[in-house]
Amino acid sequence: MLATIADIQDFTMSNATFSEIAELLRQHDSFVVMSHVRPDGDAIGSQLALGHALEEMGKTVHYINEDGLPDNLAFLPHSERIVKPAGEVLDVDVAIALDCATKPRLGANALVAAEKAKLWLNIDHHKSNPGYGDVNLIDSSSPATGQILYHLITSEGLPMSAVTRDAIYVAVSTDTGSFQYSGTTVATYEMAADLVRQGLDVGDINAKTYDSHPYRRVELLRRLLNSLEMSEGGRLADWKLAYAVQEELSLKPEDSEGLIDMIRAIEGVEVAAFFEELQTGEIRVSMRSKNPAIDVCEVAKQFGGGGHTMAAGIRTEGSLDGVRGEVLKVLTAQIAAVASV
Ligand code: AMP
Ligand code: MN
Ligand code: MN
């Protein structure tokens, strides 16, 4: 098979080794640990996992996220340390970006907080990550940034506290759809087994992650279902959410997390898309593919977004229906160009 441009970029990306990164962590004293806006389980879990390992090594750690800690992840021990940037420039040696495909996706205020850092470390699994750190570790074969951190921590003998253990599990569980997506590997299950061996309570952590959603999330689902449209002979499903509905239902950004899996799971659907109007007026697009020949990351890139082959996103200016029309046009062409799975 011919290599794609993405493969070549993956190949030529000069990644640091685990031992080089561990050395960098040991040599410095203060860190700001960050992740992407609208943080998901992998973002918050990765921040807590590496941040707490650093604290156990005696380091000073600031946990910054542009949008703060979402309520659905507040059960994670130590998560109260994750705060929104307060506008001040932090006095730190090293800035660490985790699970964040591009530097601007850390958020403008988070970037201000990290301004004084002398060194940038970028650890991620998005294939669209250009390697914006001084030191980079981008492994697009890993299903979650949390799994990269697990291998870094275990292979370099860094501290694996209960905080780090639970955070890694949630990071990987949420990014793999509970260890189900095709990116889930032998190493992922071996990692999970090891975390359980180290005392992780599977029933408790899964109940907290998946079985305690607020009622308003079901009301949101009702609205989304009313907007559901199927096209391209049932190969493309999409739904949308206007900002007015979010206000009416008092929704929080994390309420829609994972709901796209419901339409992704429809028999015959190969691409699912979710269009959301944000308070800023921008439109956020979430896309999922079930056919490896339909690369939604490539579609996302056409609109300034990025992600993975089977899961990608966009944030762009425009109207809800305008952006929807443009993105569906590209997706429809992509789908038409490949045979169904
Ligand atoms: P989501 O649909 O928000 O769950 O995102 C799917 C995947 O694409 C995640 O790994 C995101 O980090 C990534 N992603 C989402 N939006 C963007 C964006 N605007 N730029 C780059 N990557 C993104
Ligand atoms: Mn993420
Ligand atoms: Mn991730």
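The rules behind these values
Residues numbered from 1 in each chain as written. Chains lettered and ligands numbered in written order. Predicted model: local features only at pLDDT ≥ 70, side-chain atom pairs only at ≥ 80, totals over all residues. Heavy atoms only, no water. Pairing = 2+ DSSP bridges. Helix = DSSP H or I, 4+ residues; strand = E, 2+ residues; numbered from the N terminus. Donors = N, O, S within 2.8 Å, 3.2 Å for Na, K, Ca; no water. Buried < 20%, exposed > 50% of the residue type's maximum accessible area, 1.4 Å probe, protein only. Axes fitted to C-alpha atoms, helices over the stretch in contact; angles between N-to-C directions. Parallel < 35°, antiparallel > 145°, perpendicular 65-115°, else oblique. Left-handed = near helix turned anticlockwise from the far one by under 90°. Contact = heavy atoms within 4.5 Å. Nonpolar A, V, L, I, M, F, W, Y, C, P; charged D, E, K, R; others polar. Domains from an automatic or database assignment. Buried area = accessible area lost by both parts, 1.4 Å probe. Salt bridge = Lys/Arg side-chain N within 4 Å of Asp/Glu carboxyl O. Polar contact = N/O pair within 3.5 Å; in protein donor to acceptor, adjacent residues only side chain to side chain. 1 Å grid on protein atoms, 1.4 Å probe; cavity = no way out; pocket = protein on both sides within 12 Å on 5 of 7 lines; lining within 4 Å. Points joined across faces, edges and corners; volume = space filled by probe spheres on them.

## Overview of the sheet that holds strand E1 (residues 30–35)
Okay, step 1: Taken in spatial order, the 6 strands of this open sheet run E3-E2-E1-E4-E5-E6, and their pairing is parallel. This sheet does not close on itself; its edge strands, each paired only once, are strand E3 (82–83) and strand E6 (135–138).
Okay, step 2: In this structure, strand E2 (residues 60–64) lies alongside E3, joined through 2 bridges in parallel fashion. Of the residues in E3, the one forming a bridge with Ile64 is Val83.

## Regarding the coordination of the manganese ion (ligand 3)
Okay, step 1: The protein atoms that coordinate the manganese ion (ligand 3) are Asp42 (OD), Asp99 (OD), His125 (NE2) and Asp175 (OD), at distances spanning 2.1 to 2.2 Å.
Okay, step 2: Spacing between the donor residues of the manganese ion (ligand 3) along the chain follows D-x56-D-x25-H-x49-D.
Okay, step 3: Between the manganese ion (ligand 3) and the manganese ion (ligand 2), a separation of 3.7 Å is found, and both are coordinated by Asp99. Placement of Asp42 in helix H3 (residues 41–56) and of Asp99 in the loop between strand E4 (94–98) and helix H4 (108–113) is noted, with a sequence separation of 57 residues between them.

## Examining unusual backbone geometry
In most cases, non-glycine residues show a negative phi, while peptide bonds are predominantly trans.
Okay, step 1: In this structure, Arg38 takes a positive phi of about 50° despite not being glycine.
Okay, step 2: Topologically, Arg38 is positioned in the loop between E1 and H3.
Okay, step 3: The phi torsion at Phe179 lies on the positive side, around 60°, for a residue other than glycine.
Okay, step 4: Tracing the sequence through the fold places Phe179 in the loop between helix H6 (162–175) and helix H7 (186–197).
Okay, step 5: Using a relative accessible area of 12% as the deciding quantity, one classes Phe179 as buried.

## So, the packing of helix H5 (residues 145–155) against H7
Okay, step 1: In contact at an axis separation of 11 Å, H5 and H7 are set at 60° when each is read in the N-to-C sense. Between H5 and H7, the crossing angle belongs to the class labelled oblique. H5 and H7 meet at a crossing whose hand is left-handed. Contacts from Gln147, Tyr150, His151 and Thr154 of H5 reach H7 at Ala187, Thr188, Met191, Asp194 and Leu195.
Okay, step 2: Each residue belonging to the contact of H5 with H7 can be placed in one class, and the counts come to 4 nonpolar, 4 polar and 1 charged.

## So, the coordination of the manganese ion (ligand 2)
Okay, step 1: Here the manganese ion (ligand 2) is held by the protein donor atoms His36 (NE2), Asp40 (OD), Asp40 (OD) and Asp99 (OD), which lie 2.1 to 2.6 Å from it.
Okay, step 2: Along the chain, the residues donating to the manganese ion (ligand 2) fall in the pattern H-x3-D-x58-D.
Okay, step 3: Overall, the relative accessible area of 17% leaves Asp40 in the buried class.
Okay, step 4: Residue Asp99 is classed as buried on the basis of its relative accessible area of 1%.

## Some details on the domain arrangement of the protein
Okay, step 1: When its domains are assigned, the protein resolves into domain 1 (5–210) and domain 2 (216–339).
Okay, step 2: Each of domain 1 and domain 2 has a C-alpha centre, and these two points are 26 Å apart.
Okay, step 3: Opposite the 12 residues of domain 1 that make contact, domain 2 presents 19 residues.
Okay, step 4: In total, about 1,300 Å² of surface goes out of reach between domain 1 and domain 2, with carbon and sulfur atoms giving 44% of it.
Okay, step 5: The three residues of domain 1 that bury the most area against domain 2 are Arg38, Lys127 and Tyr181, which together make up 48% of that side's buried surface.
Okay, step 6: Remark: the boundary between domain 1 and domain 2 carries 3 salt bridges.
Okay, step 7: A salt bridge links Asp71 to Lys252; its shortest N-O distance comes to 2.6 Å.
Okay, step 8: Across the contact surface, domain 1 and domain 2 share 9 residue pairs in polar contact (both at pLDDT 80 or more).
Okay, step 9: Broken down by class, the residue content of the side of domain 1 that touches domain 2 amounts to 3 nonpolar, 5 polar and 4 charged.

## Some words on the environment of Val327
Okay, step 1: Residue placement: Val327 occurs in helix H13 (residues 320–337).
Okay, step 2: The class of Val327 is buried, set by a relative accessible area of 0%.
Okay, step 3: For Val327 and Ala162, which are 165 residues apart along the polypeptide, the C-alpha to C-alpha distance reads 43 Å.
Okay, step 4: Those residues in contact with Val327, other than ones at most four positions away along the chain, are Phe275, Val285, Met287, Phe303 and Ile314.

## Points about the side chain of Ser161
Okay, step 1: Considering the arrangement of structural elements, one finds Ser161 in the loop between H5 and H6.
Okay, step 2: Residue classification places Ser161 among the buried positions, given a relative accessible area of 12%.
Okay, step 3: A distance of 3.1 Å separates a polar atom in the side chain of Ser161 from the backbone nitrogen of Thr164.
Okay, step 4: Setting aside chain neighbours within four positions, we find Ser161 in contact with His52 and Glu56.

## Examining empty space enclosed by the protein
Okay, step 1: Considering all chains together, one arrives at 1 cavity of 30 Å³ or more under this definition.
Okay, step 2: Lining the largest cavity, in full, are Leu220, Leu241, Gln246, Leu251, Lys252, Pro253, Asp255, Ser256 and Glu276.
Okay, step 3: Across the lining of the largest cavity, the residue classes tally to 4 nonpolar, 2 polar and 3 charged.

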